[in-house]
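Residues per chain, in single letters:
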Amino acid sequence: QVQLVESGGGLVQAGGSLRLSCAASGIIFSANAMGWYRQAPGKQRELVAGISSGGGIKYADSVRGRFTISRDNVKNTVYLQMNNVKPDDTAVYYCAGYRWTVVAGNPIYWGQGTQVTVSS
């Protein structure tokens, strides 16, 4: 059974930093692309950042230069370092796993989500 368990969400002031973690089990982690999505109230879920099994990375324009995605294939964990956060970053953040080695198509695995709230 595949499980993605997020941690690290919370309340942070604008301009501050937060690091999200996602521990994966039940998959061959090193063979799957992974990603972070977010969904704000009244908005569609959107890709924030994705990382392929080989380390290729893509970011949403809104977070490029502020957020960093990384993965540790020994710990089966993917991270999202969030710096210089803004109130618009407030959302539920979801860890996601893809069927393929690259960030393409829709994820097939999802975590339960972790709330990030940025105060102004």
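Anything mentioned here points back to the structure above.
Structural notes, computed from the coordinates.

Glancing now at the nonpolar core. Residues Trp 36, Val 48, Phe 67, Val 78, Leu 80, Met 82 and Tyr 93 are the most contacted members of the largest nonpolar core, which totals 27 residues. Among the elements that line this core, the one with the most residues is strand 3 (residues 18–25), at 4 residues. Non-local contacts of Phe 67, meaning those with residues more than four positions away in its chain, are made with Arg 38, Val 48, Tyr 59, Leu 80, Gln 81, Met 82, Asn 83, Val 85, Asp 89 and Tyr 93. Formed by 6 residues, the second largest nonpolar core is a distinct cluster that contains Ala 33, Ala 96, Tyr 98 and Val 103.

Glancing now at the side chain of Asn 32. The residue Asn 32 is located in the loop between strand 3 and strand 4 (34–39) in this model. At 2.6 Å, the side chain of Asn 32 forms a polar contact with the backbone oxygen of Tyr 98.

A few words on the pattern of salt bridges. Evaluation of the coordinates by the stated rule reveals 4 salt bridges. Across the pair Asp 89 and Arg 38 runs a salt bridge, and its minimum N-O distance is 2.9 Å. Of the two residues, Asp 89 is situated in the loop between strand 8 (77–82) and strand 9 (91–97) and Arg 38 in strand 4; the sequence distance between them amounts to 51 residues. The exposure class assigned to Arg 38 is buried, which follows from its relative accessible area of 6%. With its nearest N and O atoms 2.8 Å apart, the salt bridge here joins Arg 66 to Asp 89. Remark: Asp 89 occurs in the loop between strand 8 and strand 9 and Arg 66 occurs in the loop between strand 6 (57–59) and strand 7 (67–72); sequence separation between them is 23 residues.

Another point: the environment of Ser 17. Structurally, Ser 17 can be placed in the loop between strand 2 (10–13) and strand 3. With 68 residues separating them in the primary sequence, Ser 17 and Val 85 have C-alpha atoms 6.3 Å apart. Here Ser 17 is in contact with Val 12, Gln 81, Met 82, Asn 83 and Asn 84, once residues within four sequence places are set aside. In this structure the side chain of Ser 17 is engaged in a polar contact, spanning 3.0 Å, whose partner is the side chain of Asn 83.

Here the focus is the sheet that holds strand 3. On the basis of which strands lie adjacent, the open sheet formed by 4 strands has the order 1-3-8-7 and antiparallel pairing. If you trace the sheet from one side to the other, it starts and ends with strand 1 (3–7) and strand 7, each paired once. The mean angle between the axes of side-by-side strands here comes to 15°, regardless of whether they run parallel or antiparallel. Relative to strand 8, strand 7 is paired through 6 bridges, and the arrangement is antiparallel. Residue Phe 67 lies in a different strand from strand 8, and its bridge partner there is Met 82.

Conventions and cut-offs
Residues numbered from 1 in each chain as written. Predicted model: local features only at pLDDT ≥ 70, side-chain atom pairs only at ≥ 80, totals over all residues. Heavy atoms only, no water. Core = buried A, V, L, I, M, F, W, Y, C linked by side-chain atoms within 4.5 Å. Buried < 20%, exposed > 50% of the residue type's maximum accessible area, 1.4 Å probe, protein only. Helix = DSSP H or I, 4+ residues; strand = E, 2+ residues; numbered from the N terminus. Contact = heavy atoms within 4.5 Å. Polar contact = N/O pair within 3.5 Å; in protein donor to acceptor, adjacent residues only side chain to side chain. Salt bridge = Lys/Arg side-chain N within 4 Å of Asp/Glu carboxyl O. Pairing = 2+ DSSP bridges. Axes fitted to C-alpha atoms, helices over the stretch in contact; angles between N-to-C directions.

Read these as spatial facts, not as claims about activity.
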